[in-house]
Structures are given as C-alpha cells and as structure tokens.
Amino acid sequence: MIKFRFIAPNGPDYAAERMLRWEVLRKPLGMPPGSEKLPEEDQSFHLIASIGKKIVGCVCFFPETETNGRIFQMAVSEEYQGRGLGRQLFQTLERSLIKQGVRDVYLYVRSESEGFYQRMGYSGEGDLINRFGEMYRLMKKAFPQSSQQEIFPTYKEA
Ligand SMILES: CC(C)(COP(=O)(O)OP(=O)(O)OC[C@H]1O[C@@H](n2cnc3c(N)ncnc32)[C@H](O)[C@@H]1OP(=O)(O)O)[C@@H](O)C(=O)NCCC(=O)NCCS
C-alpha cells in the first residue's frame with residue numbers, strides 16, 4: 001500500500017528522500033550526490049510516498065507568500081513510474097496546499113515531463129530555459145479559492 005506523508009527536512013527520512021531525488025533527477029545528468037540539495041529546501045515542505053519502508057516518490061513545496069509558492073524536486077522512482085503514483089503524490093500535495101489557502105503555484109519542468117504537468121492542469125509560459133544543460137519550462141496553476149483555512153501540515157515521522 002502506498003502511504004503519503006510530510007517529513008521534516010533533516011528528519012530520519014530526509015537522507016532517503018535526498019537519495020531518491022539524486023537518483024531520479026541528478027544522476028541521469030551526470031551530476032554528483034549532493035547536487036540535489038537546494039538552498040530553499042530547509043524552509044520547504046517535503047511530501048513523500050512510501051511502500052513499506054521504501055521511499056518511492058517525493059515532491060517539495062517552497063511557500064513564497066501565504067498564497068503562492070513553487071513546487072520542486074518531483075520524482076518517482078524509476079520502477080514505479082507510469083503507474084499512477086506521480087498523479088496520486090502530486091494531487092495529495094495540491095489538496096493539502098488548497099486546504100491551507102494556497103492559490104497560485106508554479107514550477108519549472110523538464111521539457112520531456114511537460115505532458116505530465118499538462119495532465120495535472122498546469123499551463124506552460126514563455127520559452128524553454130536552459131538549466132544544468134537541460135531545457136525547462138515555467139508552468140503555472142491557479143487553485144480555486146478555498147474557505148477551509150488550515151495550518152501547514154505538522155511534520156510526522158511514522
Ligand atoms: C514525471 C513523473 C513525476 C511522473 O510520475 P509518474 O508516476 O510516472 O506519472 P503517472 O503514472 O502518475 O502519470 C499520470 C499521467 O501523466 C502522464 N505522464 C506521465 N509522465 C509523462 C511524461 N513524461 N510525458 C507525458 N505524459 C506523462 C501519464 O501517461 C498519465 O496520463 P493519463 O492521464 O492518461 O493517465 C515521473 O515519471 C518522474 O519522476 N520522471 C523522472 C523525473 C522527472 O522528470 N521529474 C520531473 C522533473 S520536472
């Protein structure tokens with residue numbers, strides 16, 4: 001069974017989350033371990049998908065204001081890609097953000113992954129941008145305004 005939960009940056013599952021991000025997002029680009037670490041991630045929310053003790057997916061959100069922020073480092077382990085896990089993980093994050101009153105989100109996506117984010121309701125803006133030698137596109141989505149105001153999820157380590 002797949003479980004989704006927010007973890008604390010620097011908590012017990014953080015190293016495994018970082019390893020997944022490196023393997024899926026950076027290793028294929030020839031970048032070394034550690035290159036997946038981004039300055040804003042200590043102030044970000046980290047959602048993971050796990051099956052048993054294995055972390056099989058992750059995604060981060062950096063709140064820039066109370067109602068706006070950036071999604072980043074979305075990764076599904078290779079063996080689970082194409083099986084609907086990315087959709088479940090992403091929609092779990094979105095539901096949580098909507099409950100907290102977030103209205104606008106954006107992210108930079110690799111051109112080969114654009115189709116996934118289009119499926120999730122995101123629209124591309126502007127030209128492709130070169131980062132790490134890869135082409136990325138800015139994509140955005142506006143959530144419907146929610147009357148439910150909840151605080152950001154408290155970190156729970158299972
Ligand atoms: C991109 C990624 C997060 C998608 O997760 P996933 O679990 O493989 O995707 P899902 O199986 O949940 O797919 C959901 C839908 O998106 C589509 N989709 C998935 N990846 C796609 C892609 N790269 N291009 C076009 N469509 C894609 C699926 O066909 C499915 O469509 P449906 O609505 O017809 O069912 C995952 O494949 C991944 O981690 N890839 C490598 C790293 C990466 O590129 N991360 C994003 C960096 S910007």
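Reading the values: the criteria
Residues numbered from 1 in each chain as written. Predicted model: local features only at pLDDT ≥ 70, side-chain atom pairs only at ≥ 80, totals over all residues. Heavy atoms only, no water. Helix = DSSP H or I, 4+ residues; strand = E, 2+ residues; numbered from the N terminus. Rg over C-alpha atoms; globule rule 2.2 N^0.38 Å. Buried < 20%, exposed > 50% of the residue type's maximum accessible area, 1.4 Å probe, protein only. Contact = heavy atoms within 4.5 Å. Areas by Shrake-Rupley, 256 points an atom, 1.4 Å probe, with all protein chains shown as cover. Lys, Arg positive; Asp, Glu negative; His and termini not counted. Charge placed at Lys NZ, Arg CZ, Asp CG, Glu CD. Pairing = 2+ DSSP bridges. Axes fitted to C-alpha atoms, helices over the stretch in contact; angles between N-to-C directions. Salt bridge = Lys/Arg side-chain N within 4 Å of Asp/Glu carboxyl O.

Colleague: Can you lay out the overall build of the protein chain for me, pointing to particular residues and giving the numbers?
Modeller: When its secondary structure is counted, the protein chain shows three helices and seven strands. Here the C-alpha radius of gyration of the protein chain, 15 Å, is about what a compact globule of 158 residues would show, namely 15 Å. Expressed along its principal axes, the backbone C-alpha trace of the protein chain runs to roughly 45 × 40 × 30 Å. Residues classed as buried in the protein chain amount to 46% of the 158 residues present. Long-range pairs, those at least 24 residues apart, make up 62% of the contacts in the protein chain with a sequence separation of at least 6. Put simply, the protein chain shows about 8600 Å² of open surface, and 49% of that area lies on carbon and sulfur atoms. Charged side chains of the protein chain number 22 positive and 20 negative; the gap between the two group centres comes to 5 Å.

Colleague: So what about the sheet that holds strand 4 (residues 68-76)? Which residues, and what values?
Modeller: Pairing within the open sheet is mixed, and its seven strands lie in the order 1-2-3-4-5-7-6. If you trace the sheet from one side to the other, it starts and ends with strand 1 (2-7) and strand 6 (123-131), each paired once. On average, each strand axis in the sheet is tilted by 25° relative to the strand beside it, whichever way the strands run. Across the sheet, helix 1 (residues 14-26) lies against strand 1, strand 2 (45-51), strand 3 (54-63), strand 4 and strand 5 (104-110), angled at about 90° from strand 3, the strand it touches most.

Colleague: Give a detailed account of the pattern of salt bridges, specifying residues and quantitative values.
Modeller: Note on pairing: side chains with opposite charge can pair once their charged atoms come close. With the rule as written, the count across this model stands at 10 salt bridges. We note a salt bridge from E41 to R21, for which the minimum N-O separation is 2.5 Å. Here E41, found in the loop between helix 1 and strand 2, pairs with R21, found in helix 1; they are 20 residues apart in sequence, far enough to count as distant. The partner of E114 in a salt bridge is R137, with the nearest N and O atoms 3.0 Å apart. Remark: R137 occurs in strand 7 (residues 134-142) and E114 occurs in helix 3 (residues 114-119); sequence separation between them is 23 residues. As far as the burial class goes, E114 and R137 line up, both buried. Salt bridges sharing common partners tie together E17, R21 and E41.

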